[in-house]
Amino acid sequence: MAISLVSLIPKTSTVRFTTTRHLLFSSQHRRALESEHVSNSLHHWIDLIFGYKQRGDEAVKACNVFYYCSYEGAIIFRRID
């Protein structure tokens with residue numbers, strides 16, 4: 001007779017454990033996002049994702065280049081048969 005590991009764990013402890021993990025995950029990421037390092041570096045990330053380092057020479061200098069098909073407007077879907 002096979003016994004499932006899930007059947008050995010009471011549901012209340014599973015819920016408590018899962019909730020604790022989610023709270024721990026959230027609190028660790030909140031601390032990281034509110035840290036001094038992220039506050040001092042956030043503008044660099046914004047330049048990479050939304051700003052002038054998204055394309056062109058500045059993107060190449062910042063190693064922020066991707067396969068050409070990943071850029072918006074690189075593929076015209078109406079022309080694909």
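Bear in mind that the values here come from a model prediction, so they are computed numbers and not experimental data.

Parameters and conventions
Residues numbered from 1 in each chain as written. Predicted model: local features only at pLDDT ≥ 70, side-chain atom pairs only at ≥ 80, totals over all residues. Heavy atoms only, no water. Salt bridge = Lys/Arg side-chain N within 4 Å of Asp/Glu carboxyl O. Buried < 20%, exposed > 50% of the residue type's maximum accessible area, 1.4 Å probe, protein only. Phe/Tyr/Trp six-rings, centres within 6.5 Å; stacked < 30°, edge-to-face > 60°. Helix = DSSP H or I, 4+ residues; strand = E, 2+ residues; numbered from the N terminus. Expected span 1.5 Å × (residues − 1). Bend = angle between axes of the 7 residues up to and from the residue. pLDDT = per-residue confidence, 0-100. Lys, Arg positive; Asp, Glu negative; His and termini not counted. Contact = heavy atoms within 4.5 Å.

Explain the pattern of salt bridges to me, and be specific about the residues and the numbers.
On inspection of all chains with the given rule, the structure shows two salt bridges. As a salt-bridge pair, R30 and E34 come within 3.0 Å of each other at their nearest N and O atoms. Side by side, R30 and E34 carry an identical accessibility label, which is exposed.

Can you lay out the packing of aromatic side chains for me, pointing to particular residues and giving the numbers?
One pass over the structure, following the stated rule, counts two aromatic pairs. Ring geometry for W45 versus F50: centroids 6.1 Å apart, planes at 85°, classification edge-to-face. When its relative accessible area of 44% is taken as the criterion, W45 is described as partly exposed. By relative accessible area, which is 60% here, F50 ends up exposed. Here the aromatic rings of F66 and Y71 are separated by 6.3 Å at their centres, their planes lie at 65°, and the arrangement is edge-to-face.

An account of unusual backbone geometry is requested, with residue identities and associated values reported.
Across residues other than glycine, the phi torsion is negative in most instances, and most of the peptide bonds are trans. In this model, C63 sits at a positive phi of 55°, which is unusual for a non-glycine residue. Counting through the fold element by element, C63 comes out in the segment after α4 (57–61). Since its relative accessible area comes to 70%, C63 is described here as exposed.

Any details on helix α3 (residues 36–49)? Residues and values, ideally.
Spanning 14 residues, α3 covers 21 Å between terminal C-alpha atoms, matching the ideal 20 Å at 1.5 Å per step. Bending of α3 peaks at approximately 45° at the position of L42.

Quick rundown of the confidence of the model for the protein? Include the residues and the values.
Per-residue confidence for the protein gives a mean pLDDT of 80; residues scoring 70 or more make up 77%. Looking across the protein, the model is least confident in helix α1 (residues 5–8), with a mean pLDDT of 50, and most confident in α4, with 92.

I'd like a rundown of the side chain of K53, residues and numbers included.
With respect to the element layout, K53 can be found in the loop between α3 and α4. Among buried charged residues, K53 stands out as having no salt bridge; its nearest opposite-charge side chain is D47, 5.1 Å away. With sequence-adjacent residues up to four places away left out, K53 is seen in contact with D47, L48, E58, A59, A62 and N64.

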